Structures are given as C-alpha cells and as structure tokens.
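Summary of structural features
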Amino acid sequence: MRVTFPKHEKLKSRKAIKQLFEEGKTITKYPVKLLWLPIEGQKTQAGFAVAKRNFKSAVTRNKIKRLMREAYRLQKPETTNKNSRAFILLFLYIGKDVAAFQAIESSVVSALKKLAASSS
RNA sequence: ACAGCAGGUCGCCUUAUCGCUUCAAAUUUAGUUUGAAGAGGAAAGUCCGGGCACCAUAGGGAAGUAUAGCGGCUAACGGCCGUCAUUCUUAAUAGCUUUUGCUAGAGGGAAGAGGACUAGUGCAACAGAAAGUAUGUACAGGUUAUGCUGUAGUGAAACCAGGUAAACUCUAUACGGUGAAAUGCCACGUAUACCAGCAAUUAAGGGUUCCCGCCCAUGCUGGAGGGUGGGCAGAUGGAGUGUAUCUGUAAAGAUGUACCUAGAUAAAUGAUGAGGAAUUUUUGGCUCAAGCCAAAUUGAACAGAACCCGGCUUAUAGACCUGCUUUUUUU
RNA sequence: GGCCUAGUAGUUCAACUGGAUAGAAUAUCAGAUUUCGGCUCUGACGGUUGGAGGUUCGAAUCCUCUCUAGGUCA
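What this report covers is the structure whose coordinates are included nearby. Fair warning: this is a prediction, and the values are worked out from it, not measured in the lab.

Looking at the nonpolar core
Formed by 23 residues in total, the largest nonpolar core has its most connected members in V32, L34, M68, L89, F91 and V108. Listing elements by their share of this core, those giving two or more residues are strand 2 (32-39), strand 3 (45-50), helix 2 (58-80), strand 4 (86-93) and helix 3 (101-119). Those residues within four positions of V32 in sequence are excluded, and the remaining contacts are M68, F91, Y93, I104, S107, V108 and A111.

Okay, structure coming up:
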C-alpha cells in the first residue's frame, strides 16, 4: 500500500499542541523525544519540532524536520494498522548535533513501538 | 606558463523507487489518475529608499531625525556614474650636497561622511611666557625714541578675521504616523455581564512626540474573566527577465522582439540507492625536482522565499572568463 | 514579519559630557605571621575595553559597519 503523509495528517492546531504539552505523556529515545496523547473521533496527527536554541541555522532545522518526517512516513502503516486508536504526536529533536537518517529512523521506530505497547 | 590585483559569470549533474505543495484536465466526489511547475546570489542582516493599505483625501507651527564639493542617473535613496579639491603611496626628472641624504615633483595607483567657526556658546590634558581679553622675553634690523619688521623655543594648533561642527549650533534640502500581525469580506463562538478610575455635552478621551486647528464620539482607560484563534481577498504580470539596435564618457535611457518564471502558512521543493564529476588522503612506478601515470579512499561552500521591488552590508568550497602588472622561457 | 537593549581583568562592577600607566573588590600566585592550616598583612599577576574601519593632536567614551547575547509586539 501507499505510504503517504498528506497535509491533513500534520499537526497544526495551536490548541492541540498546547494541550499536548500540558497533558501529554513522553517517550524519550535519544535523540528524539515523542509527546503523545490519545484523542477521540479524529485521525492520527503528527508534528515535528526542532528547537531554535539548539540549531541556529534554518537550513539545519528544516533538514532535521524533513528527516524525522520521512522516518515517520515510512513507519506509519506498521504502527497505525495494529491499533484503531488515534493519537496526536509531536516528535521533538533534543540532540545537539545533526544525526544521520538511520539513527533518527531507529529512534522513531523504537519510540513508536513503545507507544503501541504502552497504549494497548 | 606561473603569481598578484581589479571586474564579471556560474555555483554540482544524470537516473530509478517512494513522498510533499500549487495549477490544469479527467473521473468522481473530495479521494484517485495523468500532465506541468516548484528557493537564492545572497532568499540572510534589517542599514537606507520606494510601491501598496489604513488613519482629516494628512492642514499650520514647534521639536526631532537624516543628508551635505560640483554635475548627472533614478519611482526614490544615505545608492550608482562622472569629475574636482584634499590625503596617502609610487616615481620619470630637476635643484642643493664630496657622499649618505634633503627639497620639489610630470605621470601611474588608492582613498575621498568635503556647507558654515566673517552669528552665538563651549572645548583644547601635558608642555609652553601666552591656548584667546592674544602677542611676553632675548637677539638682529629700523627709528631721535616708542610703535614696527624678522628669527628663536613649546605644542596637534601660536605668520590671525587663529584651531575644533563624526562639539552644541547655524544654513540649505528632505521626512506626517503606523506596517501585510496594514486593510476588506465571510464563517464559528461569547458576557451589551463584573471590579476600579476619569468624564457628564463650554467635558473626559482618541486620531502612535507637543501646541493649534479639524474630525470621531457617547463613553474612555485599566484589571480579572469568557469566546475565537478558521477561510478568502490583499498575494505574486512586475519600476519583470532575456536579446538586438540606437543615444550617452558612464550610471542609465528609448525602441523593437521573445518569454511567463515558487506561492508555502507548526510553514512545500525531501529520503534512499546507482553512476559521473571538482576535490581530499594514502600507496606504488617514472623523474634531480616540479609534475605525470595507475590503484584505493573521500564526495561540494555560504545558506531556505514568507506582500513586492531598487540598493548597501555581511557569509561563501570551488570552477571559468576579461583586463592590467611582475618574473621566466621560446620566437 | 517588525521593534528595542547590552557587551570593560577568571567573576561582580567603576571610569562626570574625549585628556593620558583603564580603577576597586573578589579569585589566582608569592612572601610574612602560625607547630600546621584558616583569618589577617604586604606584594605581584591578570585588559589589545566583543571585532573592523573612520573623525581627532589624543577614543572605553564620538560616527559607520559587523558579531554575540538577551528582551519585546497577536
């Protein structure tokens, strides 16, 4: 099947992000930190963030967000098909250096697996 | 050929698979398919100037800010072009000198925020008699004598209507304020409620420094709290880009012709693989050396549009082009 | 997308509106004192005033550009 990540699966609502930071739970798999919160009646949405304090250059921030988004996109069917519950997710990059795609991918995968285990 | 200086251009390429955004078409209903397009020379810093929008179709004065030789370009500018004074550097050559050297200096190169101290106020450490109410001392000249003239030392400045305005200031010119989070429309939702202060139609307040004037206005400001935090337009065809001719020393302008070239919004242009390449390192061979050949390795700087333009400044691996200069070799 | 502020010894602050070796406390080091250490006393070290350029006889101070850090506006 197609592995896509269109616009409406992206976490955009300021209100939801605020709620996520206040009430959400966290899973840390260095260099990625995952904030998650189960929701009702909607599809799963995911967002990606890199702190401006750690990376001053906009180019590297965009690069890291694109890498995390690509890793999430490739792993999405395996995680979302197993359980029917929906979440709002936010992947936060907490490392200080730019990691390779394989390292970010493994962190994202293990975080999603832990999320599936703890929510079921 | 190598090196240096100045100016300019480019700034990874090809391909497979999977994905993102916009537009068009089809099908169907909001998904899918097909096709097309998809970051920069600085998109950056926000240092200037404009367009555009709203606020009295924005008006007078004060204050404030900026600029400052002359001429031009431009929508405009603090930008750009030309040019002059001035300064620095180099230097043909000339004068003096036994020489070292000193003085002047055509020409070349670079810099060039440069109005006014004959309006007023201020400032000038140390040194020096004296730093502004200027003009003391010594010597020489001159004079009947004084006034006067020249030299001397200190200092950045004392040969004078002194110096200093990137000191206050004056003169001239320009500038109203705000800033796409402007502004207009649609949708959703709530609280025309509560507390405090000011004001009561000759008033408070607002129109982003103050005064006048004008306009708005029945309330205004602050606090705590409730709701929303979505969409469309603005917003991508423009002082647009390429090219040819003409005008002009040039910046630039005129005319013709061709082209359409991002439009995101927690923010699109990416990921993985393969190949090619500038480049990096190591080994071996040839060679006096520079370098050349072969194999392995590495695999591209600075950097991401956010309403749009014109500049300036800063960052930038490497490649290429043009001009000038020096050195070497050959003809 | 706008706007504003600050950078001075290792640290915390001075330096009046340009004027001379940029000062004080603390920290560090050395010496004295003490059986030893602390306290105390004496002395030394430590700064190209974030960087570059300019104005001026002279710049931490004035001007321009730039870097870094921080704040602020729905």
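What follows picks up the thread again.
Some points on the pairing of strand 1 (residues 25-29)
Direction of pairing for strand 1 relative to strand 2: antiparallel, over a ladder of 5 bridges. Pairing of T26 across the sheet is with L35, part of strand 2. Linkage of strand 1 to strand 2, two consecutive antiparallel strands, is achieved through a turn of 2 residues.

Overview of the environment of E9
Here E9 is to be found in the segment before helix 1 (14-23). Given 16 C-beta atoms within a 10 Å radius, E9 is considered partly exposed. Note: C-alpha distance between E9 and M68 (59 residues apart in sequence) is 15 Å. Residues within four places of E9 in sequence aside, it is in contact with K43, T44, Q45 and A46.

Things to note about the pairing of strand 2
Looking at chain direction, strand 2 and strand 4 are connected through 8 bridges and run antiparallel. By the bridge assignment, L35 is partnered in strand 4 with L90.

Parameters at a glance
Residues numbered from 1 in each chain as written. Chains lettered and ligands numbered in written order. Predicted model: local features only at pLDDT ≥ 70, side-chain atom pairs only at ≥ 80, totals over all residues. Core = buried A, V, L, I, M, F, W, Y, C linked by C-beta atoms within 7 Å. Buried ≥ 20, exposed ≤ 12 C-beta atoms within 10 Å, placed from the backbone. Helix = DSSP H or I, 4+ residues; strand = E, 2+ residues; numbered from the N terminus. Contact = placed C-beta atoms within 7 Å. Pairing = 2+ DSSP bridges.

Any functional reading would require information that these geometric values do not contain.
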